[in-house]
Every structure is written in C-alpha cells, then in structure tokens.
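A structural walkthrough
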Amino acid sequence: MKRYVVCGLSNRGLASFVLPLLDHGDTVAGVVDPDRARVESFNDSVLPEGHERLPWYAPDDFDRMVDELAPDTVIVASPDHTHAGYIVAALARDLDVISEKPMVTTAADAVRVLDAERDSKGSVLVTHNMRYIPRHRQIKRLIQDGRLGRITHVALDYHVDVRHGGSYFQRWNRVRALSGGLSVHKGCHHLDLVSWWIDAAPEQVFAYGALNYYGPGSPHRPRDAAGLPYTGADLYERDPYYRAQAGSGAFAEPGGVRTGLYGLAYEHQYPDDTYLYDDEIDIEDTYSALVRYDSGASLAYSLDFSSPWEGYRVLISGTHGQIESRHGRTPDGTPLPGSDTFTFSPLFGEPETIEVIVREGGHEGADPLQRSDLFGEPAPESLRDNLLADARQGALAVATGEAIWRSAVEARPIDIAELLAES
C-alpha cells in the first residue's frame with residue numbers, strides 16, 4: 001500500500017485527496033502546510049473515526065518529513081505559487097508527485113520541474129480533470145475515430161459566473177505573483193483540454209486582456225453621490241456582487257473569519273479582510289486569444305469572470321465535419337437548455353444530436369474516475385485516451401496561459417518555445 005503526503009490542506013486537498021484516500025483505506029501519512037491550527041482543527045473535527053491524527057509539518061520541514069514518514073507519493077494541493085518548490089523538493093528525493101492544476105504558475109518554474117524530473121527517479125502527474133468529464137471523452141472519441149477529419153480550428157468561449165468569478169478576486173488568485181493570473185490558474189484547464197482533444201501542442205499566442213469588472217475602477221463598485229466608494233456595511237448592502245452570491249458561501253462575510261469546507265478556518269492565509277475592489281488586484285478578468293498549434297490548427301479562445309451564467313460554447317471544425325456543444329448553468333445551478341446534448345455535423349450529410357453521458361461525482365463524475373487512475377491502476381480506456389496529464393503537458397498549459405497575459409501586456413505575439421527555452 002502506497003503512503004501519501006499532502007502538501008496543502010486546502011478545500012481541494014481535503015475533498016479531492018485526503019478524505020477520499022482515507023475513505024478508501026489508503027495511508028495519508030501526514031500534511032505539510034504553514035497553518036498548523038487548520039491541520040489540528042481537521043484532526044479534531046473532520047478526521048473520520050478510526051484514523052490516527054495526521055502529523056503536521058511546516059513547509060521548511062519538508063526534508064525532515066520525508067525522513068520520518070517515508071512517503072511514496074507527494075500530493076501538491078497548496079496555493080499555486082508554492083507548487084514548484086514542493087514538486088522540485090519531492091523529485092530531488094526521487095518521489096512521485098501528483099500536482100493540482102496548474103502545475104506551477106510560470107513557464108520558468110515549469111522548466112525547473114521538467115529539469116528536476118529528468119534527473120529524478122520520480123515522475124509528475126497533473127490533475128487536469130476536464131479530460132475526464134464524460135462529455136469531453138465522447139468528443140475526444142469522435143475526433144480519434146476520424147469523424148471530423150483533420151482538425152482545422154477550435155472556437156471556445158468560456159464564462160465564469162458572478163458568484164464564482166467574484167470569489168477569485170477575494171482570494172490569493174487575484175495577485176499574479178501568487179496565481180500566475182487567471183489565464184494560468186483557470187485558463188490552463190481549457191488550454192489543456194483543447195490540446196488533448198486535438199492532440200497538438202501550442203506554438204504561438206496573440207491575445208488581448210483587461211481588468212473590466214473588478215478592482216478599484218470597477219463600474220459596479222458602489223459609490224455615494226460625491227463619487228466616493230462606500231466602505232464597510234454600506235458597501236456590502238449596495239454591492240451587486242455581494243447580493244448576487246445570496247448566501248452561497250462564495251464571499252467572506254465582512255469582519256468574519258474566512259472558512260472553507262467543513263468549517264475549517266483560513267486565518268493564517270487570510271488574516272485581513274479582502275474584497276473585490278482592492279488596490280492589490282493586478283490581474284485581468286477578461287481575455288481574448290488566438291493560439292496556433294504544431295498541427296496547423298488554431299484556437300480562438302475567450303474567457304471572462306463576470307457572466308450571468310457559467311460554462312462554455314465550443315465549435316470544433318475539421319476537414320470532414322464539426323462538433324458543437326453548449327454546456328452551462330445559471331448561478332443557482334439551473335442547467336442551460338441544450339446542456340445535455342451536443343451536435344456532430346458532417347460536412348456532407350445530416351447533423352446528429354448526441355446525448356451526453358452523465359456520471360455521479362465531482363466535476364460531472366470526472367473526479368472519482370481520475371482518482372481511480374491516480375491511486376490505482378489506470379483503466380485501459382484511460383490509457384487509450386491518454387487521460388493522465390504528465391509534466392510536459394502541464395508545462396505547456398501553464399506556458400500558454402502565461403503567453404496569453406504576456407501578449408496582452410506586451411502587445412506582441414508570444415512563442416511558447418520562447419517561454420520554455422531552457423527545457
């Protein structure tokens with residue numbers, strides 16, 4: 001039986017790794033996290049009966065943790081900017097790594113990981129779980145079977161709703177040094193999915209981006225008759241983003257302690273109140289990008305973080321046909337019409353409406369399928385469809401996300417090879 005250590009007792013670390021592993025009877029040997037109080041609260045109130053308390057280690061104690069616990073695999077689910085340090089340290093000790101997406105926040109750190117993996121007996125897998133969503137596997141199969149011919153173009157418009165989108169701008173994600181920006185933190189999901197669908201590597205990016213909805217200049221920031229921003233309770237009473245969340249838990253309450261799943265506090269990570277209109281926000285909330293791939297295909301991609309609905313519209317075009325899919329929900333969880341089907345249209349012939357496969361579990365059933373592959377033997381279908389993302393694929397997703405924001409800031413095309421030049 002393998003022994004796992006989890007770096008980062010985040011919501012994702014808890015729900016996707018620690019608790020499922022414990023429920024399955026696997027060994028979670030310990031937790032590395034700067035917040036000792038949070039780990040102790042987990043042991044006191046969340047740890048399932050019959051399991052020994054998980055020992056806590058500070059990030060600086062990583063090597064001591066390895067010596068004392070002798071893990072086989074390190075799971076990295078901490079804030080994005082800390083991923084590279086944990087991954088490189090684990091590879092230096094010849095340990096396998098499972099990293100939450102994005103693998104790292106910068107192409108430079110991706111190069112560090114690739115170099116470290118090359119010199120290690122360990123390897124890195126990245127949890128790009130959008131590959132595992134059943135509807136995405138159905139689309140992949142049509143492409144693999146040659147129904148579309150050679151892929152020529154993909155158009156993907158992704159929208160994040162006002163609840164979910166607003167929550168990013170209250171958390172560490174809103175600072176580029178901590179997240180790489182949302183073209184990396186969130187966009188890497190979509191960029192990896194497209195590369196996987198069309199089996200091609202990105203080569204060049206040109207993009208525009210801006211901060212349109214959040215930050216100190218937000219058009220939705222409540223102001224008084226003199227144009228001065230409201231603060232405190234007056235702000236919350238008038239703010240449309242706060243009213244839209246309607247008790248969803250996406251926003252921290254004013255003056256309260258920020259908590260995550262199972263009521264565990266984030267006092268160490270968020271000692272002060274943060275809000276959508278703070279001056280420290282230095283990332284974009286809207287992107288439009290063109291991506292060229294080594295296969296000759298191209299992607300027109302847009303992403304925004306303040307939409308009335310959450311989901312995407314995608315059109316995949318090939319020399320022999322097209323796939324068109326619209327999938328989403330409103331902020332209260334109501335599915336959008338048409339989300340349960342997608343359309344395959346041959347170039348010559350009648351369109352075919354295909355019902356999507358639905359499975360139970362997180363992210364439309366993707367999470368349990370991915371965990372089964374990560375913590376057991378990958379299923380033959382998973383190997384056939386290349387579902388597990390490796391370090392190189394994780395690096396390409398990060399580099400493409402970085403190329404998007406860099407192109408927007410620098411007003412020039414960005415070559416992916418330029419960003420990954422050292423690898």
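In this text the structure is predicted, and so the values were computed from the model without any measurement. (Residues numbered from 1 in each chain as written. Predicted model: local features only at pLDDT ≥ 70, side-chain atom pairs only at ≥ 80, totals over all residues. Heavy atoms only, no water.)

Negative phi characterises most residues that are not glycine, and trans characterises most peptide bonds. That bond from lysine 101 to proline 102 is cis: its omega, -10°, falls within 30 degrees of zero. Within the secondary structure layout, proline 102 lies in the loop between strand E5 (96–99) and helix H5 (107–118). With a phi close to 60°, glutamate 364 is a non-glycine residue in the positive phi region. Tracing the sequence through the fold places glutamate 364 in helix H13 (residues 362–375). Its relative accessible area of 33% is what places glutamate 364 among the partly exposed residues. (Helix = DSSP H or I, 4+ residues; strand = E, 2+ residues; numbered from the N terminus. Buried < 20%, exposed > 50% of the residue type's maximum accessible area, 1.4 Å probe, protein only.)

Turning next to the sheet that holds strand E11 (residues 310–318). One open sheet holds the 9 strands; their spatial order is E14-E13-E12-E11-E7-E10-E9-E8-E16, and the pairing between them is mixed. Among the strands making up the open sheet, the edge pair consists of strand E14 (352–355) and strand E16 (414–415). Relative to strand E10 (residues 298–307), strand E9 (residues 286–293) runs antiparallel, the two being bridged by 7 bridges. Across the sheet, threonine 286 pairs through a bridge with aspartate 304, a residue of E10. Sitting on the sheet, helix H15 (residues 391–410) is in contact with strand E8 (202–210), E9, E10 and E16, with an inclination near 45° to E8. (Pairing = 2+ DSSP bridges. Contact = heavy atoms within 4.5 Å. Axes fitted to C-alpha atoms, helices over the stretch in contact; angles between N-to-C directions.)

So, on to the environment of arginine 238. Tracing the backbone through its elements, the reader meets arginine 238 in helix H11 (residues 232–238). On the basis of relative accessibility, which here comes to 35%, the residue arginine 238 falls in the partly exposed class. Each C-alpha atom of the pair arginine 238 and methionine 1 lies 54 Å from the other, and the pair is 237 residues apart in sequence. Each residue touching arginine 238, except ones within four places of it in the same chain, is listed here: Pro222, Tyr230 and Arg243. Among the polar contacts made by the side chain of arginine 238, one reaches the main-chain carbonyl oxygen of aspartate 234 at a distance of 3.2 Å. (Polar contact = N/O pair within 3.5 Å; in protein donor to acceptor, adjacent residues only side chain to side chain.)

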